[in-house]
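# Analysis of the macromolecular model
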Amino acid sequence: MRCVRCGTHEDKVIDSRSSKDGSSIRRRRECLHCGHRFTTYEVLEQRELFVVKRDNSRQPLERTKLLQSLSKASEKRPVSRETLEEAVDGIMAELEELSEKEVQSSRIGLAVMRKLKAIDPVAYVRYASVYREFQDVGEFIEEIRTMNNDPLHGAHHPELFKIKEAKLNPPVTTSPST
Ligand SMILES: [Zn+2]
């Protein structure tokens, strides 16, 4: 690497650190001529995938953005950063396997929802409602109902039931007098 200060091409690597998902390596280098220290990043070359939005605009699919949307949906939920990172890796791998250059945003939305559904029901519902995958409220409630009836998910997530109940049946206060 060419030193940014003196232009010499000789340096030594003093530290190498791989990112958590293994997609990049950060190297701390020291110029052998002037001692200047600088950092380089080695990134895995990936075929760039484009997201086609509803308005037909296109933008590159970014892992960071994907992770942000999952983190946002999981805010204050018992979901670890690690779980989210893994979910994002899974989604990215799934999308890359499509071997297409472009992917519809709705396709990504569905992949995210499938992951969140298995991770945390509240995060899932939040994401789904923000994402507007649902045509109307009826479809949305139907989806929650299906989830609660699903023995794999519903039974383990009583809190979702509470949310639904609270929304559909606001608590009625009764007076003790007769
Ligand atoms: Zn130098």
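Residues numbered from 1 in each chain as written. Predicted model: local features only at pLDDT ≥ 70, side-chain atom pairs only at ≥ 80, totals over all residues. Heavy atoms only, no water.

Turning next to helix 1 (residues 63–73). R63, L66, L67, L70 and A73 are the residues of helix 1 that are buried. All buried residues of helix 1 project into a common sector of 125 degrees when viewed along the axis, lining one side. Structural note: helix 1 exposes T64, Q68 and K72 on the side pointing more than 90 degrees away from its buried face. (Buried < 20%, exposed > 50% of the residue type's maximum accessible area, 1.4 Å probe, protein only. Helix = DSSP H or I, 4+ residues; strand = E, 2+ residues; numbered from the N terminus. Arc of directions from axis to C-beta.)

Here D55 lies in the loop between strand 4 (50–52) and strand 5 (58–60). A distance of 2.7 Å separates the side chain of D55 from the side chain of S57, its partner in a polar contact. (Polar contact = N/O pair within 3.5 Å; in protein donor to acceptor, adjacent residues only side chain to side chain.)

A few words now on the coordination of the zinc ion. Around a metal, the ideal angle is 109.5 degrees if four donors adopt a tetrahedral arrangement and 90 or 180 degrees if six donors adopt an octahedral arrangement. Of the protein atoms, only C3 (SG), C6 (SG), C31 (SG) and C34 (SG) coordinate the zinc ion, at distances of 2.3 to 2.4 Å. The buried category is assigned to C3, whose relative accessible area is 1%. Under the relative-accessibility criterion, C31 is labelled buried at 2%. (Donors = N, O, S within 2.8 Å, 3.2 Å for Na, K, Ca; no water.)

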